[in-house]
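Chain residues, written in single-letter form:
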Amino acid sequence: MQLFGLNLSPFYERVVIGLELKGASDKVEFGGLPHAFGTPEIMAASPTGKIPYFVTDSGDVLIEGQVILEYVDGVLDGPDLLPEDSDAAANAKLLARIYDMYVIPALGPVLMALIFQKRNDEAIENAMKEALPKALDLLNTCMSKVGTRAVGDDWTIADAALIPMVFQLDVFARQFGYTGFGDRANINAWWDSIKDTDTVKNSHERMMTVLKKMQANAG
Ligand SMILES: N[C@@H](CCC(=O)N[C@@H](CS)C(=O)NCC(=O)O)C(=O)O
């Protein structure tokens, strides 16, 4: 099995976190980013031209970070990252979805400015004042089963999906006035209990390494 992409991508990084949580990182070959975005080569390798993409042992290509995460969780040995209880499993999927469908789009103008050097100040202001707070409120409301982890007390796909979010907020959104989760009690409870774990430290270190490389190449 091969996984392609870069750790700075939250869609890619959640798969890497999931593999680490399962103790299965050695079961997957990490192929990096062999083709530049927008080229015929990446379009041939990944139907959307986006990362991550994944090649299964039978040669099928999978795309969409969350789909890949759930696939590796299903096929590889190690702790299950999807709770057995259906309600808890639905909540874990929901949290990942809220991040993908609401938080990441809200962060779009900030990421465009800082990663892709396409800055739109009006869009950033709107994101920071309206879209991002609203998306984080939604995440906080939906994080109704929080324990010492995002859903209950075991690591799930929700933690894997959401850990890169905190990197994006702390490293990127902070530059435009983001100051933390405020009084969003559920998100705070989650973050307080995982922020010092190796899982978080390793992930944020991987993301920072890629960011620094990109900044060095740009400078
Ligand atoms: N919905 C996709 C989003 C993937 C995505 O947007 N990847 C970005 C990097 S974070 C990308 O490949 N962008 C390059 C491009 O759009 O050409 C997923 O969940 O995996």
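Analysis parameters
- Residues numbered from 1 in each chain as written.
- Predicted model: local features only at pLDDT ≥ 70, side-chain atom pairs only at ≥ 80, totals over all residues.
- Axes fitted to C-alpha atoms, helices over the stretch in contact; angles between N-to-C directions.
- Helix = DSSP H or I, 4+ residues; strand = E, 2+ residues; numbered from the N terminus.
- Parallel < 35°, antiparallel > 145°, perpendicular 65-115°, else oblique.
- Left-handed = near helix turned anticlockwise from the far one by under 90°.
- Contact = placed C-beta atoms within 7 Å.
- Nonpolar A, V, L, I, M, F, W, Y, C, P; charged D, E, K, R; others polar.
- Near = placed C-beta within 6 Å.
- Domains from an automatic or database assignment.
- Pairing = 2+ DSSP bridges.
- Right-handed = clockwise from strand over helix to strand, strands pointing away.
- Core = buried A, V, L, I, M, F, W, Y, C linked by C-beta atoms within 7 Å.
- Buried ≥ 20, exposed ≤ 12 C-beta atoms within 10 Å, placed from the backbone.

## Here we look at the packing of helix α6 (residues 157–172) against helix α8 (residues 198–218)
Here comes step 1: Close contact between α6 and α8 brings their axes to 10 Å; oriented N to C, the two are set at 50°. The angle between α6 and α8 places the two elements in the oblique class. Judged by the sense of rotation from one axis to the other, the crossing of α6 with α8 is right-handed. Between α6 and α8, the contacting residues are Ile163, Pro164, Phe167 and Val171 on the first element and Thr199, Val200, Ser203, His204, Met207 and Leu211 on the second.
Here comes step 2: Partitioned by chemical class, the residues of the contact of α6 with α8 number seven nonpolar, three polar and no charged.

## A look at the site of the ligand
Here comes step 1: In the region of the ligand, the neighbouring residues are Ser9, Phe11, Phe37, Gly38, Gly49, Lys50, Ile51, Pro52, Glu64, Gly65, Gln66 and Asp100.
Here comes step 2: Residue composition of the shell around the ligand, by class: four nonpolar, five polar and three charged.

## Observations regarding the domain arrangement of the chain
Here comes step 1: Domains assigned within the chain are domain 1 (2–75) and domain 2 (86–218).
Here comes step 2: On a C-alpha basis, the centres of domain 1 and domain 2 stand 20 Å from each other.
Here comes step 3: With 15 residues of domain 1 at the interface, the matching set in domain 2 holds 18 residues.
Here comes step 4: The set of elements that each furnish at least two residues to the side of domain 1 that touches domain 2 consists of α1 (10–22) and α3 (65–75).
Here comes step 5: Here the side of domain 1 that touches domain 2 is built from residues that sort into seven nonpolar, three polar and five charged.

## With respect to unusual backbone geometry
Here comes step 1: Look at the link from isoleucine 51 to proline 52: it is a cis peptide, with omega at 0°.
Here comes step 2: Here proline 52 shows up in the loop between α2 (40–45) and β3 (53–55).
Here comes step 3: One non-glycine residue with positive phi stands out, namely glutamine 117, at about 50°.
Here comes step 4: Structurally, glutamine 117 is set in the loop between α4 (86–115) and α5 (121–142).

## Examining the sheet that holds β3
Here comes step 1: As summarised here, the arrangement of the four strands in space is β2-β1-β3-β4, forming an open sheet in which the pairing is mixed. Of all strands in the sheet, those with a lone pairing partner are β2 (29–32) and β4 (61–63), marking the two edges. Between one strand and the next, the sheet's axes are offset by a mean angle of 25°, whatever the strand orientation.
Here comes step 2: For strand β1 (residues 2–4) and β3, the ladder comprises three bridges, and the chain directions are antiparallel. Considered in β3, the bridge of leucine 3 is made with phenylalanine 54.

## A short note on the environment of valine 166
Here comes step 1: When you line up the elements, valine 166 lands in helix α6.
Here comes step 2: Between the C-alpha atom of valine 166 and that of leucine 69, which follows or precedes it by 97 residues, the distance is 19 Å.

## Digging into the pairing of β2
Here comes step 1: In this structure, β1 lies alongside β2, joined through three bridges in parallel fashion. Bridging from a neighbouring strand, leucine 3 pairs with phenylalanine 30 of β2.
Here comes step 2: Each parallel crossover has a hand, and the one from β1 via α1 to β2 is right-handed.

## Some words on the nonpolar core
Here comes step 1: Leu95, Tyr99, Val103, Leu139 and Ala158 are the most contacted members of the largest nonpolar core, which has 49 residues in total.
Here comes step 2: When residues of this core are traced back to their parent elements, those giving at least two are β1, α1, β3, α3, α4, α5, α6 and α7 (185–194).
Here comes step 3: The residues that make up this core include at least three from each of domain 1 (2–75) and domain 2 (86–218).
Here comes step 4: With sequence-adjacent residues up to four places away left out, valine 103 is seen in contact with Ile98, Ala135, Leu136, Leu139 and Met165.

## Quick notes on the environment of valine 200
Here comes step 1: Within the fold, valine 200 resides in helix α8.
Here comes step 2: Beyond its immediate chain neighbours, meaning those up to four positions away, valine 200 contacts Ile163, Ile194 and Lys195.

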